[in-house]
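Below are the chains, spelled out letter by letter.
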Amino acid sequence: MLKYILLVGAFSIICQETNGQLQWGSIFGTNGKNVTLNIPTVLPARPFNPTHICELLKLSMQGIGRDSETILKILATYTYSQRYEIAATYKTLYNQDLVQKLFTEFDGNILDVIQYLFWPAEKMYAKEFRDAVQGLGTDERSLIELTASLDGQMLRRVSSAYQQMYEKTLEKDIKGDTSGFFRDLLLELIKGREPDNSPNSVALPSYTVDTLNRLGSGQWSNNKDTIRDIFCKKSFTELAEIFAEYERRNGHKIEVDIENEFSSDVKKTLLAVAKCARNRPQFLAEQLNKSMSNFGINHNVLHRIIVGRCEIDLGNIKEEFAKINGVGINVWLKSAIEGNYWSLIVQLAGYAPEYFKD
């Protein structure tokens, strides 16, 4: 394994070469701060020849039986934009919808993963929101995870996709399924917080900490507008700086006061936002870990984290997950899923393929 330090402008980027592939590590800025770099597990594949790929897919699905190994490797190797081009090329060459053809080759929970792989992220998340609010009961945990962890731009795109898909607004459905300050937090979060590079995110952390401290112990719930505006509107970068200053000034983490000031879903939402501001991959690794119970695994959580984050920071989530469990996602999942479903998931997560026999 070789390690490199690359000088890029004002940053030093550390990466390592393993089995011929570069894995990116940390960025050190000129201010000396260690900035974690997102590590995707699916990157644009080069060279990229969609016609040749379609020919391989066609051959793999011809006749009796199928070549699952080739199909799954293709699905896990290419990014969404490349898969989109592959599907369009397949339609042109064979006048067939590739996703529908794949649906005839597989069954079970893997079909949801295949569908998500050919949908833009906002459409996938829109369906996840829909699943959380429709039917009997409300999946508050999913609502909290989605609104707390997705960035503002994505949440705005999700809201637009939701209306196109279901002919009603996400805001209306959340209003109908939740209440009180919990509802108010969710409605503000889906509007989308400021991006980390926003010119509006310039307020000094000390000013916001002064505002919080002036509220006084036991009074946060009487100042809901202030809490909502801080936790739901400010960028994750600014929140991280605010929370660090809060701890320095008060001698304890802000989570301590959240625990004391609020309860139930409001508390869970604010704690989720705080965790995402500090370390979003760790938060998502925890959600993935909690998705497993004595009753099996929550497939929705598994799908949206693996598919939704594989081109962003699933490599970081894998690292955090291993710290929590002591084993990798691939090993952990063997007790819950199997076969082609397991193989596709772990390949998307960046593990070498191991195939079960059908």
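The structure reproduced in this document is the subject of the present report. (Residues numbered from 1 in each chain as written. Predicted model: local features only at pLDDT ≥ 70, side-chain atom pairs only at ≥ 80, totals over all residues. Heavy atoms only, no water.)

### Examining the packing of aromatic side chains
Where we set the bar: Paired rings are identified among Phe, Tyr and Trp, the last through its six-membered ring, by centres lying within 6.5 Å, and are further divided according to the angle between planes into stacked (under 30 degrees), edge-to-face (over 60) and tilted (the rest). Working definition: helices are DSSP H or I runs of at least four residues, strands are E runs of at least two. Numbering for both runs from the N terminus. Only protein chains enter the accessibility calculation, which uses a 1.4 Å probe; a residue is then buried when its area is under 20% of its type maximum, exposed when over 50%, and partly exposed in between.
Enumeration according to the criterion identifies 9 aromatic pairs in this entry. Here the aromatic rings of Phe-48 and Tyr-78 are separated by 5.5 Å at their centres, their planes lie at 50°, and the arrangement is tilted. In this pair, Phe-48 is assigned in the loop between β4 (34–36) and α1 (50–60) and Tyr-78 in the loop between α2 (68–77) and α3 (80–94), connecting sequence segments 30 residues apart. A residue is classified by how much of its surface remains accessible, and Phe-48, at 21% relative accessible area, is partly exposed. Relative to Phe-262, the ring of Phe-181 has its centre 6.0 Å away and its plane inclined at 35°; by these criteria the two rings are tilted. Residue Phe-181 is found in helix α10 (residues 180–189), and its partner Phe-262 is found in the loop between α14 (254–261) and α15 (264–290); the two are separated by 81 residues along the sequence.

### So, empty space enclosed by the protein
Where we set the bar: Within this scheme a cavity is a closed region of a 1 Å grid, computed over the protein atoms alone, that accommodates a 1.4 Å probe without allowing it to escape, whereas a pocket is open but has protein on both sides within 12 Å along at least five of seven lines; lining residues each have an atom within 4 Å of a point. Grid points are joined across faces, edges and corners, and a volume is the space filled by probe spheres set on the points. Under this grouping Gly is polar, as are all residues other than the nonpolar Ala, Val, Leu, Ile, Met, Phe, Trp, Tyr, Cys and Pro and the charged Asp, Glu, Lys and Arg.
All chains considered together, the criterion is met by 1 cavity of 30 Å³ or more. A volume near 40 Å³ is recorded for the largest cavity. Around the largest cavity, the lining residues are Tyr-125, Glu-145, Leu-146, Ser-149, Leu-150, Leu-284, Arg-304, Ile-305 and Arg-309. Looking at the lining of the largest cavity, the elements with two or more residues in it are α7 (140–149) and α16 (299–309). Classifying every residue of the lining of the largest cavity by side-chain character gives 5 nonpolar, 1 polar and 3 charged.

### Comments concerning helix α12 (residues 224–233)
For an α-helix, the turn length of 3.6 residues means that residues three or four places apart are oriented alike. Selection criterion: Whether two residues touch is decided by their heavy atoms; if any such pair falls within 4.5 Å, the residues are in contact.
Burial in α12 covers these residues: Ile-227, Arg-228, Ile-230, Phe-231 and Cys-232. Looking at the buried residues of α12, the elements they touch are α10, α11 (205–215), α13 (236–250), α14 and α15.

### Section: helix α8 (residues 152–166)
Basically, it comes down to this: The span you would expect from a helix comes to 1.5 Å times its residue count less one.
An ideal rise of 1.5 Å per residue puts 21 Å on 15 residues; α8 measures up with 21 Å between its terminal C-alpha atoms. The set of residues buried in α8 consists of Gly-152, Met-154, Leu-155, Val-158, Ser-159, Ala-161 and Tyr-162. Residue Glu-167 follows α8 closely and has a positive phi angle near 55°.

### Description of the environment of Asn-316
Mapped onto the fold, Asn-316 is located in helix α17 (residues 314–325). Note on Asn-316: relative accessible area 5%, which makes it buried. Here the alpha-carbon distance between Asn-316 and Leu-284, two residues 32 residues apart in the chain, equals 9.8 Å. If we skip the residues at most four places from it in the chain, Asn-316 touches Thr-36, Leu-37, Asn-38, Ile-39 and Pro-281.

### Side note on the packing of α15 against α16
To keep it simple, the criterion reads: Each axis is a line fitted through C-alpha atoms, taken for helices only over the stretch in contact, and angles between the N-to-C directions span 0 to 180 degrees. Here is the rule for angles: anything less than 35 degrees is roughly parallel, anything more than 145 is roughly antiparallel, 65 through 115 is roughly perpendicular, and the remaining ranges are oblique. Crossings are sorted by hand: turned counterclockwise from the far helix by less than a right angle, the near helix makes the crossing left-handed, and turned clockwise it makes it right-handed.
Between α15 and α16, whose axes approach to 9 Å, the crossing angle comes to 150°. Classified by the angle between their axes, α15 and α16 sit roughly antiparallel to one another. Along this stretch, α15 crosses α16, giving a crossing that reads as left-handed. Of the residues in α16, those in contact with Arg-280, Leu-284, Gln-287 and Leu-288 of α15 are Val-301, Leu-302, Ile-305 and Arg-309.

Distances and angles like these do not, on their own, reveal function.
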